[in-house]
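# Chains, contacts and geometry: an overview
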Amino acid sequence: MADTKREIERKYEGPAAEGDAGLPELTGVAGVASVIDKGVAELDATYYDTADQRLAAASLTLRRRTGGDDAGWHLKFPVAEDVRDEIRAPLSDDPPHSLTGLVRSRVRDAELVPLVRLRSARDVRHLVDDSGALLAEVSLDRVRAERLSGGGGTAEWTEIEVELADDGDPAFLDKVEKKLRKAGLARSSSASKLAKALGETAPRTKGKKAGAPAVGAGAPAVAKEPVSAGDHVLAYIRTQRDAIVELDPAVRRDLHDSVHSMRVATRRLRSAFRSYGKILDRAVTDPIGDELKWLAGELGVDRDQEVLTERLTQALEDLPRNLLSGPVPARLSTWSDARRGGSRQRLIDVLDGERYLDLLIALDALAADPPLLKAAAGDPSTVIAKAVRKDFKKVSDLIAEALERPSGADRDFAMHDARKKAKRTRYAAEAAAPALGKPAADLVKSMKSLQSLLGDHQDSVMAREALLELGAQAYAAGESAFTYGVLYGREEQRAAAVEAALPEAWETIGERAAV
């Protein structure tokens, strides 16, 4: 069973950390009442990666460590400068699935092998306040690194590490750093021990050490300044591909908004394939788009139901108590639970499956060897602008069609279709913004506003369908259906308000559209 710890730490190097210098005196740090000697711990860590160092290329580390008080498997994800999430699993011989699953989008079907072994003598001090509470742990690490695969050699160095106590104030690290700098130390030039070890033990080629780790599967390539229309579209596509890869572990960890964000990335890719069909051959992109649609569906198995339930729950809470008749909250909860078709395990199984892996591989192949058509070499101000205008025209036609229809199912359908096209136009304009500048950026804002307006209307349509179902269930059970009727009427009013606001909103958008 894995658990997660947020690490906030800084590393330092310099003459003051070398030889037998030991740790600088830290009792003068503001807020520190005492420095407690915790002794020396012998740590032995083996770091795992693919042969082409895909994890290292993404600044991820996977290690098996013995010694100290946290022996076991550790997987570290960068969060921000000086901040990482360390996910831990119990000690075992082989990397546990609870951790390898989190790096599958990077590793794909490659083998994880022992790459580097680090043995450290860690001299530990605890900085505590006047109540005895831990403020930070400071350690002097004497490290010996040994390359285990791919050739190479060994290296030795000494560094000082300062790790903030759980729930501590990051500003305290600045106080410690001020003291360390006065002692002649500076921030480490390497982001981690592994990064330093890889550099120091890399095989030498013609008298020089090898360069940085190779860019592995799913790792962003070195970006080049886009010039042609194809360059700009491919840059957008690669960004969305990278987003899926990077969000994969967050989805597996059920982090906030991760499922929605990955779903949006799939939609952006599909929209780009369709909008820029004159740039990328749709004979190649359409099958990938179908797989992206499948993935978006799997990601949204429970999400759409959650959104609908939240809307109905909020509407119920806003209702005056004298209009509440019968066990409405309980029925809503039972109905919502019964309609949930997914589970966390279902989604994990999808991400562990071959179909998803094949999709990632297909996206990599597309990004590496794109099926460019003749227009891809064209001027983006012409080719990309034309594609965006074409999408905008479709939105315009659908809005006009919706406004011509009387209120009812036909208008609901037309407005929903317009919403989907507005979303596609928004994504096309996002891809176009680096090339077209402010006009495209303004169109993104306009389409986002329109999408929100039409989305509220579609949510009302779905809410009314749900209320009809709930009312029928309540009636069949001998309960009052009055409240469902009241809520239905309120949803009708919300939809009518959107329909009334649409003409003016669309006129304003039309005046601003100038791509």
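As a reminder, the structure under discussion sits directly above these lines.
What this report covers is the structure whose coordinates are included nearby.

### Side note on the overall build of the protein
When its secondary structure is counted, the protein shows 16 helices and eleven strands. Seen through its C-alpha atoms, the protein measures out along the principal axes to roughly 85 × 65 × 40 Å. With 515 residues in all, the protein has 48% of them scored as buried. Put simply, of all contacts in the protein between residues at least 6 apart along the chain, 74% involve residues at least 24 apart. Here the protein has roughly 24600 Å² of accessible surface; of this, 51% comes from carbon and sulfur atoms. Looking at the protein, you have 77 positive and 84 negative side-chain charges, and the mean spots of the two groups are 4 Å apart.

### Points about the side chain of D242
When you line up the elements, D242 lands in helix 6 (residues 229–252). With a relative accessible area of 10%, D242 lands in the buried category. In this structure the side chain of D242 is engaged in a polar contact, spanning 2.7 Å, whose partner is the side chain of R241.

### Concerning the environment of T4
Considering the arrangement of structural elements, one finds T4 in strand 1 (residues 3–13). Distance in space between the C-alpha atoms of T4 and L453 is 40 Å, their sequence separation being 449 residues. Leave out the neighbours within four places in its chain, and T4 touches D85, E86, I87 and R253.

### Brief notes about the pattern of salt bridges
Applying the stated criterion across every chain, the model contains 58 salt bridges. Residue R122 is joined to D141 by a salt bridge in which the shortest nitrogen-to-oxygen separation is 2.8 Å. Pair noted here: R122 is in strand 6 (residues 113–128) and D141 is in strand 7 (residues 134–147), with a separation of 19 residues, a long-range link. Like R122, the residue D141 is buried in the burial classification. A salt bridge links E177 to R187; the nearest nitrogen and oxygen atoms lie 2.7 Å apart. On the criterion of sequence distance, the pair formed by E177 in helix 4 (residues 171–182) and R187 in strand 9 (residues 186–187) is long-range, its members being ten residues apart. Taking relative accessible area as the criterion, R187 reaches 27% and is therefore assigned partly exposed.

### Examining the environment of G342
Looking at the element boundaries, G342 is found in the loop between helix 10 (328–339) and helix 11 (344–352). Separated by 151 residues in sequence, G342 and A191 have C-alpha atoms that sit 40 Å apart. The contact partners of G342, leaving out residues within four places of it in the chain, are V301 and D302.

### Notes on the packing of aromatic side chains
Tallied over the full model, the rule gives two aromatic pairs. Taking the centre distance of 5.1 Å and the plane angle of 55° together, the rings of Y48 and W73 count as tilted. One end of the pair, Y48, is in strand 2 (residues 34–49); the other, W73, is in strand 4 (residues 72–80), with 25 residues separating them in the sequence. For the pair shown, Y48 and W73 are each scored as buried.

### Observations concerning a positive patch on the surface
On the surface, K278, K386, R389, K390 and K394 cluster together into a positively charged patch. The residue K390 is located in helix 13 (residues 380–404) in this model. Residue K390 is classed as exposed on the basis of its relative accessible area of 51%.

### Thoughts on the packing of helix 6 against helix 13
Interhelical geometry of helix 6 versus helix 13 gives an angle of 55° and a closest axis separation of 8 Å. Comparing the axis directions of helix 6 and helix 13 gives the class oblique. Touching A229, H232 and V233 of helix 6 are P380, V383 and I384, all from helix 13. Looking at side-chain class alone, the contact of helix 6 with helix 13 contains five nonpolar, one polar and no charged residues.

### Details of the nonpolar core
Residues I244, Y276, I279, I384 and L450 are the most contacted members of the largest nonpolar core, which totals 63 residues. With residues up to four places along the chain from it excluded, the contact list for Y276 reads V233, I384, A387, V388, A428, A431 and A432. Judged by nonpolar contacts, the second largest core, of 20 residues, contains V83, F172, L173 and L185.

### As for the side chain of R147
Counting through the fold element by element, R147 comes out in strand 7. With no salt bridge to any partner, buried R147 finds its closest opposite charge in D49, at an N-O distance of 8.9 Å. A distance of 3.2 Å separates a polar side-chain atom of R147 from the backbone oxygen of L198. Setting aside residues up to four positions removed in sequence, R147 forms contacts with Q53, L115, V116, G152, G153, A197, L198, T201, A202 and P203.

### Things to note about the pairing of strand 5 (residues 83–89)
The element strand 5 is extensively covered by neighbouring structure, given that six of its seven residues are classed as buried. Sheet topology places strand 1 next to strand 5; six bridges connect them, and they run antiparallel. Residue pairing in the sheet places I8 in a bridge with V83 of strand 5. Strand direction decides the pairing type here: strand 4 and strand 5, joined by seven bridges, are antiparallel. Directly across from A80, in strand 5, lies its bridge partner V83. Connecting strand 4 to the next strand, strand 5, in antiparallel fashion are two residues, including D82 with a positive phi near 70°.

Criteria and thresholds
- Residues numbered from 1 in each chain as written.
- Predicted model: local features only at pLDDT ≥ 70, side-chain atom pairs only at ≥ 80, totals over all residues.
- Heavy atoms only, no water.
- Helix = DSSP H or I, 4+ residues; strand = E, 2+ residues; numbered from the N terminus.
- Buried < 20%, exposed > 50% of the residue type's maximum accessible area, 1.4 Å probe, protein only.
- Contact = heavy atoms within 4.5 Å.
- Areas by Shrake-Rupley, 256 points an atom, 1.4 Å probe, with all protein chains shown as cover.
- Lys, Arg positive; Asp, Glu negative; His and termini not counted.
- Charge placed at Lys NZ, Arg CZ, Asp CG, Glu CD.
- Polar contact = N/O pair within 3.5 Å; in protein donor to acceptor, adjacent residues only side chain to side chain.
- Salt bridge = Lys/Arg side-chain N within 4 Å of Asp/Glu carboxyl O.
- Phe/Tyr/Trp six-rings, centres within 6.5 Å; stacked < 30°, edge-to-face > 60°.
- Patch = residues over 30% accessible without salt bridge, like charges linked within 9 Å, V, L, I, M, F, W, Y side chains within 5 Å.
- Axes fitted to C-alpha atoms, helices over the stretch in contact; angles between N-to-C directions.
- Parallel < 35°, antiparallel > 145°, perpendicular 65-115°, else oblique.
- Nonpolar A, V, L, I, M, F, W, Y, C, P; charged D, E, K, R; others polar.
- Core = buried A, V, L, I, M, F, W, Y, C linked by side-chain atoms within 4.5 Å.
- Pairing = 2+ DSSP bridges.

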